[in-house]
Structures are given as C-alpha cells and as structure tokens.
Amino acid sequence: MTRVRSATARLRALAAARVGSRDEGAALLAEARRTLDSGAIPDQWADALVAGTDLADAQWQHGDKKAAAATLAQVLDLAFHRALHFDGLSSPLASDPAGFLAPLRNSAVFQRAQTPRGRHDEAGRDPLQRLLVVSFKNWNFLDRVLARYEAAPGVEVRRLDLADLPPPPLPLSPTQLTRERLLGVADARVRPWAAGIAPHLDWCDTVWVEWGQRAAVLMSLLDPGSTRVVVRLHSYEAFTAFPHLVDWSRVDDLVFVGDQVRAFVEAVVPAASTGPHRHVLPNAMDLRRFAAPKEPAARHVLGLVGWSAVAKDPLWALDVLGQLREHDPRYRLMLVGSALDGSVSAAAASYRDQLDARLARPDVAGAVDLVGQVADVADVLPRIGTILSASVRESFHQGVAEGAASGAVPVVRNWPLFAAYGGARAVFPDAWVVDDVDTAVRRILETTSQDRWTSAGSEASDEAIHRFDWTEVAPAYDRLLRA
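Residues numbered from 1 in each chain as written. Predicted model: local features only at pLDDT ≥ 70, side-chain atom pairs only at ≥ 80, totals over all residues. Heavy atoms only, no water.

Draft legend 1. Geometry of the overall build of the protein. Along its length, the protein carries 21 helices and 14 strands. What you see for the protein is a C-alpha radius of gyration of 24 Å, in line with the 23 Å of a compact globule of 483 residues. The buried share among the 483 residues of the protein stands at 57%. When contacts within the protein are restricted to residue pairs at least 6 apart in sequence, long-range pairs at least 24 apart make up 74% of them. A total of about 19400 Å² of accessible surface is found on the protein, and carbon and sulfur atoms cover 49% of it. Treating the 53 positive side-chain charges of the protein as one cloud and the 59 negative ones as another, the clouds have centres 3 Å apart. (Helix = DSSP H or I, 4+ residues; strand = E, 2+ residues; numbered from the N terminus. Rg over C-alpha atoms; globule rule 2.2 N^0.38 Å. Buried < 20%, exposed > 50% of the residue type's maximum accessible area, 1.4 Å probe, protein only. Contact = heavy atoms within 4.5 Å. Areas by Shrake-Rupley, 256 points an atom, 1.4 Å probe, with all protein chains shown as cover. Lys, Arg positive; Asp, Glu negative; His and termini not counted. Charge placed at Lys NZ, Arg CZ, Asp CG, Glu CD.)

Right, here's the structure in full:
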C-alpha cells in the first residue's frame, strides 16, 4: 500500500485548525476519504478522525442532531474504510486498538450512539423449542447447524433473511444504522420497518443472528422481550463499524469461531465483553468425508483454498513456493477458488498487480495451477499434499481443517493481524503454525520427506477430525442453545 504526501500540507493545516470552522472539519473528512478511495493512505488520516468527531460533537452541542448523526456516519465510514483494514496487509486497528479508537472513544456523540437501552424482560431459560435464525444474505456457515435443529424433536426452526422482507425498506446501511442508534427510539418495534421482524421475534424463544454486522445492529434496535438473543461474529466484522453500533445490552450470548477473534473483539469493543456471555465454537463441519487416499504426486503439491481477497495474501504462499523450489523443483502450488478480485478498490488492484508480477518471476513461473471455483473441494484435495493458510487474519480458516482432514499436512501462517491476540495457535495445534516463510519451508521439507509424509498426513487427519468434526463439536452447540 502506497502512502501519499500530495495532500499532507493541506491536511496538516486543516488538522491544526481542528474544527475552527465547520467547513474545515468537513473538508478534512472529505479529503481523507478521497485519498483512501484512491488506494493510498494519507499521512494524517488520524487527524481527520479527530476533526470529524470534534465536528460531530460541536453539531450535537449546538442542537443540530441530524447533522451530528450524518457527520458521525462519515467518521465511521472513514475509520473503517476498506483501504485501512481490508485491502492491505496491515491494519492500524489491529496494531493499536486504543490509539486508533481514541478519537471515537473521546467523542460524546459516539458514546451516545453506544448507549445501552436494555430490555424490559429477562431472557427465558427454558429448553429450546422455537429457534429463529436471522442473517442478511450470507448463510455460508449455517447448513449443518440448521439441519441439526430442524431435525430435533420438539424444536421448530424459522429462517429469516432480512434481504427478503417486503417494504418498507429496512435501515441497513451504516449511515442509517448510525442514525437509528443515535436518534432512534428506545424500542424500534414502533418503526414501520419493524413490522416484518417483530412477529418472528415474538414467536421464538431463541434468535440466532449470523454475522456481527448489519443484521446484529438492526435486531438489537428492537427490545427482544423474553427472547434469548445469540449473535455469532466471525472475523471481518471486527474491522467494521457494525460491532460498535450493536446494543450489546440486548445480546445474551456472543459466539466466536476462534479464540483470537474473541480476544481482539474484547480489546476493540469493550461493551461486547461486559454484557453477553462469550463462547468459542468451531464452525460446523463434516470432516470425515474428506479423508481419502492421496495421489502420489500430491507429496510435492501445496494447496491454498480460497485466495479471492487481499487478506488471504497469496504472495506469501508464492514466497514459500519459491524457496521450496530452490531445494526441489518438483514443488508446485495449487490455488483453488475464485481469483483475487482487484476491482473492489484501487488498493486491491495494486495488490493484484503485484501478484501478477510475482507469478511471472522465474522461481515460480509455470509451477502454479489456477484451479478456479470447484463445486466440492473434496474433489481436489487428493491432489494436495500440504494445505496452506497464508492469511494475515482468519476467524477459523475452514479450508485448513478440511485439508488436514484429507491427510494434507497443515502449514498455517501465524495470522499477523491477530498474532498479538493468540493468532493461529488459538485455533490450531502449535505444530501446525509457523511464524515466517523460512519456518514454513523447513516444516514442509521435513513433513514431505519420503519417509515422513504419509504418517504426518495421517496424524493431521486424526487431529483435525478429533478437534473439529461436527460429531465432536455439535454437543457444545446443544449446550449453548439448551437443545
């Protein structure tokens, strides 16, 4: 990610003035946003956050509450811009949460937007009878959870996708949700848009909200009555504004799929660690079906399953491959899944350009197979002998568990953005985790040696299934849901 200084002088001048005038504060926010949109990080983006929160506080103090809400939404949009957290290999939020969030935490308006509204009734404690599962478009990790409770005797299950509700439209944008948290009523049941949600909430005794993002914020705007509220937060949401807008006083249980995410969220969103009960439960996976004999050539094939985002950092995997091929040119890399999308932002396009250039370098050129999206990853795993995680952050990395279950030796980078919070070792066995490229190369050379590869893969398969297979994990879900 490049840093630019073309606007630095103006940014510093505006920051020095702080909000000497409202126009200057708004100009600083707008200029920082334009720079981030261009794919670069302005030197003084932090000053823009200070100026923006100062402006929002001044607007609120002068009685212009709608303007204050709009400015706070702009500040949050800037603070959690994808160029800062998603389309590079680092994040100022991960490296220094307290420092990064200081302008927001010192803002009276931001504090007001986080005011807990509580609930009139305590959540019920009876066994599960009626389960409502709520998401917004993304149901990727719910199949086995839903199937288990839809088949459970005495349990009714409803699915509610907020994207499918009829008009009036829901306030799902970050700007709308910020306005609702700051200016909304104590119980959004009185809002016209809530008419499609409230009957479902009243019907169930437990609501499971998938993803700690807009659906979680929206559902927390409604007093749940005696309904028990469970939210599952994965990873990417922790780098967005949404967890800061959830009313955690209305959430009974918060589920993470990795302990490193729990530790990170507790540092970033203190309210999430003081209200709900917190649980760490792996994703629901049928891992036994992946166990299958390996093709002989798989011993020298590395696999990276899923590389469509910068956070997956396939460049790191190419560096590993390049060093391995210095020892033995038989090593190859298989990239499984959709290609990295450089169209989402200028920063992502820059990374994609670097990746294309790296693929053409002599040490790896011709040794990388782009498999593309597959209907079932089990079909390609017999050709993979080492399963990689090259990511800078992950909540769990299901592809590693599936690869390990297939008998591929796992080599997991110690996800740098989460390293200070337990990293990959919070999820996977220490022996699977490496801290740098050199260590990854040594582990691969050791575990893919002729006399070690088969036993190493068998051990990994046993370990993955014992730790993460749904038959092992499901009882913990039952205890959580009182099923």
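Draft legend 2. A look at the packing of aromatic side chains. The final tally for this structure, using the stated rule, is 17 aromatic pairs. Centroid distance Phe86 to Tyr236: 6.3 Å. Interplanar angle 55°. Geometry classified as tilted. With a gap of 150 residues between them, Phe86 in the loop between helix H5 (82-85) and helix H6 (92-95) and Tyr236 in the loop between strand E6 (228-233) and helix H13 (242-245) connect regions that are remote in the sequence. Taken together, Phe86, Phe141, Trp211, Tyr236, Phe239, Phe264, Phe418 and Tyr421 form an aromatic cluster joined through their ring pairs. Across the ring face of Trp203, the terminal group of Arg158 is positioned such that the distance to the ring centre comes to 4.0 Å. Lying over the aromatic face of Phe290, Arg289 brings its terminal NZ or CZ to 4.3 Å of the ring centre. (Phe/Tyr/Trp six-rings, centres within 6.5 Å; stacked < 30°, edge-to-face > 60°. Lys NZ or Arg CZ within 6 Å of the ring centre and 35° of its normal.)

Draft legend 3. View of the sheet that holds strand E5 (residues 206-210). Read from one edge of the open sheet, 6 strands run E4-E3-E5-E6-E7-E8, paired in parallel fashion. Both outer strands of the open sheet, strand E4 (156-161) and strand E8 (277-280), are each paired with one neighbouring strand and no more. Going from strand to strand, the sheet's axes swing by 20° on average, the running direction of each strand aside. Relative to E8, strand E7 (residues 253-256) runs parallel, the two being bridged by 4 bridges. Directly across from Val255, in E8, lies its bridge partner His279. Here helix H21 (residues 470-481) sits on the sheet in contact with E5, E6, E7 and E8, set at roughly 145° to E6. (Pairing = 2+ DSSP bridges. Axes fitted to C-alpha atoms, helices over the stretch in contact; angles between N-to-C directions.)

Draft legend 4. Main features of the side chain of Ser91. For Ser91, the location among the structural elements is in the loop between H5 and H6. A relative accessible area of 5% places Ser91 in the buried class. Excluding anything up to four places from it in sequence, Ser91 contacts Leu84, His85, Phe239 and Leu417.

Draft legend 5. Looking closely at the sheet that holds strand E10 (residues 332-336). Judged by pairing direction, the sheet is parallel, and its 6 strands sit side by side in the order E11-E10-E9-E12-E13-E14 without closing on themselves. Unpaired on one side and paired on the other, strand E11 (368-372) and strand E14 (433-434) mark the two borders of the sheet. Two elements, E10 and E11, share 4 bridges in a ladder whose sense is parallel. Counted as the bridge partner of Met334 is Asp369 from E11. Relative to the sheet, helix H19 (residues 437-447) contacts strand E9 (301-305), strand E12 (386-389), strand E13 (409-413) and E14, its axis offset from that of E13 by approximately 175°.

Draft legend 6. Inspection of unusual backbone geometry at higher detail. With an omega of 5°, the peptide bond between Pro167 and Pro168 qualifies as cis. Along the chain, the position of Pro168 falls in the loop between E4 and helix H10 (174-183). Although it is not a glycine, Lys137 adopts a positive phi angle of roughly 75°. Here Lys137 is to be found in the loop between strand E3 (130-135) and helix H9 (143-150). Despite not being glycine, Arg482 has its phi angle at roughly 55°, a positive value. Structurally, Arg482 can be placed in the segment after H21.

Draft legend 7. Quick peek at helix H20 (residues 453-468). The terminal C-alpha atoms of H20, which comprises 16 residues, lie 22 Å apart, in line with the 22 Å expected from a rise of 1.5 Å per residue. Residues of H20 that are buried: Trp453, Ala456, Gly457, Ala460, Ser461, Ala464, Ile465 and Phe468. Each buried residue of H20 sits inside an arc of 160° when the element is viewed along its axis, so together they form one side. Opposite the buried face of H20, by more than 90 degrees, sit the exposed residues Asp462 and His466. Buried residues belonging to H20 abut helix H18 (398-405), E13, H19 and H21. (Expected span 1.5 Å × (residues − 1). Arc of directions from axis to C-beta.)

Draft legend 8. Looking closely at the pairing of E10. In terms of burial, E10 is largely enclosed, as 4 of its 5 residues are buried. Bridge count between E9 and E10: 5 bridges; the pairing is parallel. Among the inter-strand pairings, Leu302 is bridged to a residue of E10, identified as Leu333. Remark: the E9/helix H16 (residues 314-327)/E10 crossover connection has right-handed handedness. A crossover links E10 with its parallel partner E11, the connecting element being helix H17 (residues 346-359), and its sense is right-handed. (Right-handed = clockwise from strand over helix to strand, strands pointing away.)

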